[in-house]
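# Breakdown of the fold
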Amino acid sequence: MSNTKHRKNSEYQKGGHLVLIGFMGSGKTSIGRSLSYKLKRAFYDTDKMIEEREGVTISELFKTKGEKYFRELETQVLREVRDDRIPRIYSLGGGTPVSLQNQPLIKTIGTVVYLRLQPEEVWERLKGDTTRPLLQCDDPLGKIRSLMKLRSPAYERCADIIIDNGSKERDEVIKEILDELQNRGWEIPPESFKPSTEADNTENKE
Ligand code: S3P
């Protein structure tokens, strides 16, 4: 049996979600929304799910209940995603793949796309951002570098598809993802390959 065939068969045994992972600022939400429109699937961001459930922002949650509490919620939400039988697109928080108990869960819930960026590219996108509690420190670029070094192996372990998303146009990234999915046997509507319009920023609602 060829490698490709073998890989394909094992992918068919996974859950049917499309899962986006990557560092903070890697474009999971924006790419997820476009893919939602193009693949006609609903898009969910697990951070938003946690915020809605707890009734506070992630920053507030870190402040009042601490990171450990937030990480427990991440795992809980991940289990719910695994049990969700309707194929959807899920974007996971940047730290979700780090936990050893989350990794096998992530690998079973669907096809996992890792949006990869260099630390300097993340910094360019996130300087001035106040919504990421982990980066509210004296040396955010240093923190991005050290976290990225620590996390990259986890992202790579979880990923089925790795896409460099640093300096590319969004359409190019979307096309790369759709091509990869098609190679894995996904049925992609032909119109999805057309360049994006304004409407493509609107995710599919259920
Ligand atoms: C985190 C990333 C954030 C959010 C929280 C912690 C992390 O999500 O879950 O601030 O540990 O990298 P985004 O990756 O969507 O910014």
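Here we summarise the structure given alongside this text. (Residues numbered from 1 in each chain as written. Predicted model: local features only at pLDDT ≥ 70, side-chain atom pairs only at ≥ 80, totals over all residues. Heavy atoms only, no water.)

## Topic: the overall build of the protein chain
Of the regular secondary structure elements, the protein chain holds 9 helices and 5 strands. Ordering the α and β elements of the protein chain from the N terminus gives α-β-α-β-α-α-α-β-α-β-α-α-β-α. Counting the 206 residues in the protein chain, one finds 45% classified as buried. Sequence-distant contacts in the protein chain: of pairs separated by 6 or more residues, those separated by 24 or more amount to 75%. Accessible area of the protein chain: about 10900 Å², with a carbon and sulfur share of 50%. (Helix = DSSP H or I, 4+ residues; strand = E, 2+ residues; numbered from the N terminus. Buried < 20%, exposed > 50% of the residue type's maximum accessible area, 1.4 Å probe, protein only. Contact = heavy atoms within 4.5 Å. Areas by Shrake-Rupley, 256 points an atom, 1.4 Å probe, with all protein chains shown as cover.)

## Things to note about the nonpolar core
Ranked by internal contacts, the top residues of the largest apolar core, which has 32 residues, are Ile21, Phe23, Met24, Ile50 and Val122. Of all the secondary-structure elements, those providing two or more residues to this core are strand 1 (17-21), helix 3 (46-54), helix 4 (58-65), helix 5 (67-83), helix 6 (102-109), strand 4 (110-116), helix 7 (119-126) and helix 8 (140-158). Beyond its immediate stretch of four places on either side in the chain, Ile50 contacts Ile58, Leu61, Phe70, Leu73, Glu74 and Val77. Membership of the second largest hydrophobic core comes to 18 residues, among which are Ile31, Leu35, Ile89 and Val173. (Core = buried A, V, L, I, M, F, W, Y, C linked by side-chain atoms within 4.5 Å.)

## Quick word on unusual backbone geometry
The phi dihedral of Lys40 falls on the positive side, at around 55 degrees, and the residue is not glycine. In this fold, Lys40 is placed in the loop between helix 2 (28-39) and strand 2 (43-45).

## Considering the site of the ligand
Around the ligand, a shell composed of 13 residues is seen, among which Lys28, Asp47, Arg71, Arg132 and Arg151 lie nearest. Here Arg71 contributes a side-chain N or O atom positioned 2.7 Å from an oxygen atom of the ligand. One of the side-chain N or O atoms of Arg132 is found 2.7 Å from an oxygen atom in the ligand. Protein contacts shield 95% of the accessible area of the ligand, which totals 380 Å² for the unbound molecule. (Near = heavy atom within 4 Å. Polar contact = N/O pair within 3.5 Å; in protein donor to acceptor, adjacent residues only side chain to side chain.)

## What about the packing of aromatic side chains?
The tally for this structure, following the rule as stated, stands at 3 aromatic pairs. Ring geometry for Phe62 and Phe70: centres 5.1 Å apart, planes at 45 degrees, overall tilted. Ring centres of Tyr114 and Tyr155 lie 5.0 Å apart, and the angle between their planes is 40 degrees; this geometry places the pair in the tilted category. One end of the pair, Tyr114, is in strand 4; the other, Tyr155, is in helix 8, with 41 residues separating them in the sequence. (Phe/Tyr/Trp six-rings, centres within 6.5 Å; stacked < 30°, edge-to-face > 60°.)

## Things to note about the packing of helix 3 against helix 5
Helix packing for two helices is described by the angle between their axes and how far apart those axes are. At a minimum axis separation of 10 Å, helix 3 and helix 5 run at an interaxial angle of 110 degrees. Judged by the inter-axis angle, helix 3 sits roughly perpendicular to helix 5. In this structure, helix 3 crosses over helix 5, and the sense of that crossing is right-handed. Of the residues in helix 5, those touching helix 3 at Thr46, Asp47, Met49, Ile50, Arg53 and Glu54 are Tyr69, Phe70, Leu73, Glu74, Gln76, Val77, Glu80 and Val81. (Axes fitted to C-alpha atoms, helices over the stretch in contact; angles between N-to-C directions. Parallel < 35°, antiparallel > 145°, perpendicular 65-115°, else oblique. Left-handed = near helix turned anticlockwise from the far one by under 90°.)

## Some thoughts on the packing of helix 6 against helix 8
Across the interface, helix 6 lies against helix 8 with an axial gap of 9 Å and an inter-helix angle of 35 degrees. Residue-level contacts link Gln103, Ile106 and Lys107 of helix 6 to Ala154, Arg157 and Cys158 of helix 8.

## Description of the pattern of salt bridges
In total, this model carries 18 salt bridges according to the counting rule given. Asp83 is the salt-bridge partner of Arg82, the closest N and O atoms lying 3.1 Å from each other. What makes Arg82 partly exposed here is its relative accessible area of 33%. Notably, a salt bridge pairs Glu180 with Arg184, separated by 2.8 Å at the nearest N-O pair. When its relative accessible area of 28% is taken as the criterion, Glu180 is described as partly exposed. The structure contains a network of salt bridges with shared partners spanning Glu67, Arg71 and Glu74. (Salt bridge = Lys/Arg side-chain N within 4 Å of Asp/Glu carboxyl O.)

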